[in-house]
Amino acid sequence: WNQAFLISWQGAYVVKNLMGTVPVHEDGSAYFEAPPGVAIYLEALDEEGRELQRMRTMVQAPPGGTRSCIGCHENKNDAPPPGSPRPLALGGAPSRPEPESWGSGHLDYPTMVQPILDRRCVTCHGGEGGIDAGIDLSGGWTWAFNISYETLLKHDLVGFIRCNNADVSSSDILPPRTIGSGAAPLGDLLVSGHEGRLPNLTRPERDLLMAWMDGNSNYYGTWNYTQNATCEAILTAGGQLGAQMAEAGCGACHPAGYIGSDWVNLKRPEWSRILRAPLSAQAGGLALDWCRERPARTGMPLVDQRYLPPDRFHPLALPRLDLSGTPRPTFASAEDPRYRAMLKTIRRAAAAALGSPRVDMPGAVAVGGVCRRQTVVPLPDRPPDLAASVLGDGAVELGWTPTTSTVGVAFELHRGGSPDFTPSDETRIAEAAPFRFLDYAAGVGRQHYALVAVSGQGRSAPSRAEVDVPAPSSPLTPQDLAATPAPGEVALSWEPSLIPGTRYRVLRARSGEADYAPLTPEPLVAFSLADGSAEPGVQYSYRVQAIDRRGLESALSEDVVAAALPEVQEAVFAADFAAGAKARLPGGRELEGVPHGAARIEGGQLDLRAGGHVTYAHLPEFDLRSKLSVEAWVLIDEAGQMPVFVSCGSWPTVGWFLQRLGAGFRWHVGGIDCDGGQAPVGRWMHLAGTWDGLRARVYQDGAEVGSVPCLPNRTPWPGDLHLGQYSAAPGPSYQVTGRMRGVRIYQRALTAAEITRRFEAGPEATIDP
């Protein structure tokens, strides 16, 4: 994504550290000290703390150096005219930056800006009081950021300037008050008091919001990160909600499957406007009663900010809330079964997100970003204040605020037996850079903590915190366990917890027996499982147990009994290219393929030596269910970059594909890569990828060449099946230059013996079960 999604929505690709303010004299001059070896940016502020102008490039100096400027856009070879008065700022010693009313340091939107909006704005804009003017400032997580952040940027409320120069230059010289808080409608509302609606907004809160805008509206304030940078759960929810809207009769006014970017609130599912807008006003509560007898407007789709900056969707303006037309509520009350089904979908998506939380979500275990400095960072006079609180599952959350004086400083956390204990190697529980730490090992009773700043060989005196930890209670027992028989599997699902980090142990016994055994080696983050090891026709009893972050276990759920149906042995898709692009399906059906580009079919093979590929319309039989196998004979004439032979998915999220990668092969199954083998050029070879519900394997010429444990994301990939190209983004890098034949897909795991037999039969043989 380059500059698009690292720190912000194309506003900046580096974090910002606000050092503070220095005085400007009557003649416009300023003279101040700043840290050496650091990129410094300057902003001129008015008496309200709003930006007049910013210098959109940096200046820096070595230790002890002096930099001066006669004007950024003056001729660098000019000097002040003779007799010019000495700048007033040089009449005394240089000033030092002073923290603003809110403080200094990094500005992190989720932890610093969103709490202000929650206190002062959300009641009317997204919360209990409604969504006034269509502006939602609640903090529900979106695919990349959160609802309020995207709302403020896409409606141009923050004086934002895009820093991705793909087609609009951000380096033009701009007059004062063109960007930033001085131009922002939000700045006007903050200074005016929003017609009396912000009586309790404090000056530090207002200044912090101004400073955030003037940093060009970053979302993340630090380089701290988690492995999952986006929230894929919302994609799953979007597809399911689109289908549920169609079932509820919403298609008369809404395009099929359209879900707006701010319709789903994963943080507070009941606040989702997809539930509130069609809820009758007579239902009270959170009802909006927005649905009318007229075509609905469409705005920004659910996750299209992946591809475009905020100013590309429409002319930036406040939304227009159209309440014309006769009300047509879909839900008479929140007890409507269709409402409950959609709410359940959103809650399950929220649980999935919190199962592996992104860095801006509660319960996230962040990796600390590394601050590289040319000089050793001096220790602050004292470390930041340490705060300690107990979360709902008994874990202790420790946090402190990053400031300018602590940028580049490392921290140690200690837990001891008395309020004034001496920090040592024995008391140290973590080296924590992310400014937040979750202590799962704290005992019951009064706990004593210390925070020590470390830089080079120096160590600061500690700041301290105490907290009383109650006896932890066991997690709630999972509810609504369901077992659905299916070919070759029993599909299990249960109602998930919204406590971050909850895992689940699934146990099975033969019906009537008491020896339950876990189905997976480790507890699951997911709240569904396909038992592909169930013997068809045999009744099994299943139970589920929740495990929290401290390792405490819930009681076992009520048991459910089910038996797997017999597996479908024949291929669910077979393309032998004997009759053109037609593929055989079970029951004598056929599926017509569509050749693209220079793809040719002759002599019982798909010829891609001149390029091209073939696509087939998506069928449910292509989805990841309990098991899957894909096989094909392939002859590579030119190696290419990373050609994809058979594809019905997208790396590294959903679906599957089989490709040549490097010198070998990759079998990708729902986010899991299985690599192995050696890819020759110029001869026919037999390739197969299998997934038996627990493990993915890749075979070359009848022999297993790769194997990995595999509990994939089984969300269906909705796109076409591709032969000879990558289904998610066809392009030259993925083009197969060669020939293919004998492509088959099975909804079961082929055995090693079956795969060996298929290889030994040769590429011209047709072997069916």
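Presented here is an overview of the structure given in this document. (Residues numbered from 1 in each chain as written. Predicted model: local features only at pLDDT ≥ 70, side-chain atom pairs only at ≥ 80, totals over all residues. Heavy atoms only, no water.)

What about the overall build of the protein?
- Helices and strands together make up the secondary structure of the protein, namely eight helices and 36 strands.
- The C-alpha radius of gyration of the protein comes to 30 Å, within 12% of the 27 Å expected for a compact globule of 769 residues.
- For the C-alpha atoms alone, the extent of the protein along its principal axes is close to 95 × 70 × 65 Å.
- Here the protein holds 769 residues, and the buried ones make up 49% of them.
- Put simply, 67% of the contacts in the protein that link residues at least 6 apart link residues at least 24 apart.
- Seen as two clouds, the 68 positive and the 84 negative side-chain charges of the protein have centres 1 Å apart. (Helix = DSSP H or I, 4+ residues; strand = E, 2+ residues; numbered from the N terminus. Rg over C-alpha atoms; globule rule 2.2 N^0.38 Å. Buried < 20%, exposed > 50% of the residue type's maximum accessible area, 1.4 Å probe, protein only. Contact = heavy atoms within 4.5 Å. Lys, Arg positive; Asp, Glu negative; His and termini not counted. Charge placed at Lys NZ, Arg CZ, Asp CG, Glu CD.)

Concerning the pattern of salt bridges
- Counted under the stated rule, the structure contains 44 salt bridges.
- The partner of R758 in a salt bridge is E631, with the nearest N and O atoms 3.0 Å apart. Here E631 lies in strand β27 (residues 628-638) and R758 lies in helix α8 (residues 752-761), a separation of 127 residues in the sequence. Neither residue differs from the other here; R758 and E631 are each classed as buried.
- One salt-bridge network, in which partners are shared between bridges, spans E412, D425, R428, E431 and R459. (Salt bridge = Lys/Arg side-chain N within 4 Å of Asp/Glu carboxyl O.)

Side note on the environment of R203
- One can find R203 in helix α4 (residues 203-214).
- You can call R203 partly exposed: its relative accessible area is 39%.
- Excluding anything up to four places from it in sequence, R203 contacts E47, E48, G49 and S101.
- A polar side-chain atom of R203 sits 2.8 Å from a polar atom in the side chain of D207. (Polar contact = N/O pair within 3.5 Å; in protein donor to acceptor, adjacent residues only side chain to side chain.)

Some points on the packing of helix α5 (residues 233-247) against helix α7 (residues 337-355)
- For the pair α5 and α7, the least separation of the axes is 9 Å and the interaxial angle reads 170°. Judged by the inter-axis angle, α5 sits roughly antiparallel to α7. Across the interface between the two elements, A233, A237, Q240, L241, Q244 and M245 from α5 touch A341, M342, T345, I346, A349, A352 and A353 from α7.
- Split into classes, the residues belonging to the contact of α5 with α7 amount to ten nonpolar, three polar and no charged. (Axes fitted to C-alpha atoms, helices over the stretch in contact; angles between N-to-C directions. Parallel < 35°, antiparallel > 145°, perpendicular 65-115°, else oblique. Nonpolar A, V, L, I, M, F, W, Y, C, P; charged D, E, K, R; others polar.)

What about the pairing of strand β5 (residues 387-390)?
- The pairing of β5 with strand β6 (residues 396-399) spans four bridges and is antiparallel. Along β6, the bridge assignment pairs A388 with L398.
- Between the end of β5 and the start of β6, which pair antiparallel, lie five residues, with G394 showing a positive phi angle near 90°. (Pairing = 2+ DSSP bridges.)

Points about the nonpolar core
- Judged by nonpolar contacts, the single largest core of 68 residues is most densely connected at L152, V158, W212, L266 and I274.
- Sorting the residues of this core by element identifies α1 (109-120), α2 (147-154), α3 (185-192), α4, α5, α6 (273-276) and α7 as the ones contributing at least two each.
- The element contributing the most residues to this core is α7, with eight residues.
- Ignoring sequence-local partners within four residues, the contact set of L266 consists of G140, W141, C231, I234, I346, A349 and A350.
- Grouped together as the second largest cluster of nonpolar side chains are 45 residues, Y616, V634, A679 and V698 included. (Core = buried A, V, L, I, M, F, W, Y, C linked by side-chain atoms within 4.5 Å.)

Section: α7
- For α7, which comprises 19 residues, the first-to-last C-alpha distance of 26 Å matches the rise-based estimate of 27 Å (1.5 Å per residue) to within 8%.
- Burial in α7 covers these residues: Y339, M342, L343, T345, I346, R348, A349, A350, A351, A353, L354 and G355.
- Here the buried face of α7 lies against α5, α6 and β14 (489-495).
- Between the side-chain oxygen of the N-cap and the backbone nitrogen of R338 there are 2.7 Å, and the N-cap of α7 in question is D336. (Expected span 1.5 Å × (residues − 1).)

Quick look at the state of the cysteines
- Here the structure, examined in full by the defined rule, presents zero disulfides.
- Lacking any disulfide linkage, C648 is separated from the closest cysteine sulfur, that of C710, by 15 Å.
- Unpaired in terms of disulfides, C710 finds its nearest cysteine sulfur in C674, a separation of 8.2 Å.
- On the accessibility criterion, C710 (1% relative accessible area) is buried. (Disulfide = S-S within 2.5 Å.)

Some points on α8
- Within α8, burial applies to E754, I755 and R758. Along the long axis of α8, the arc covered by the buried residues comes to 100°, so they all point the same way. In this structure, α8 carries A753 and E760 as exposed residues pointing more than 90 degrees from its buried face.
- Summarising the contacts, the buried residues of α8 are in contact with β27, β32 (684-691), β33 (695-700) and β36 (737-746).
- Positioned one or two residues after α8, G762 has a phi angle of 90°, which is positive. (Arc of directions from axis to C-beta.)

Quick look at the sheet that holds strand β18 (residues 540-547)
- Spatially, β16-β15-β18-β19 is the arrangement adopted by the four strands of the open sheet, whose pairing is antiparallel. Because the sheet does not close on itself, it has two edges, and the strands there are β16 (517-518) and β19 (560-562).

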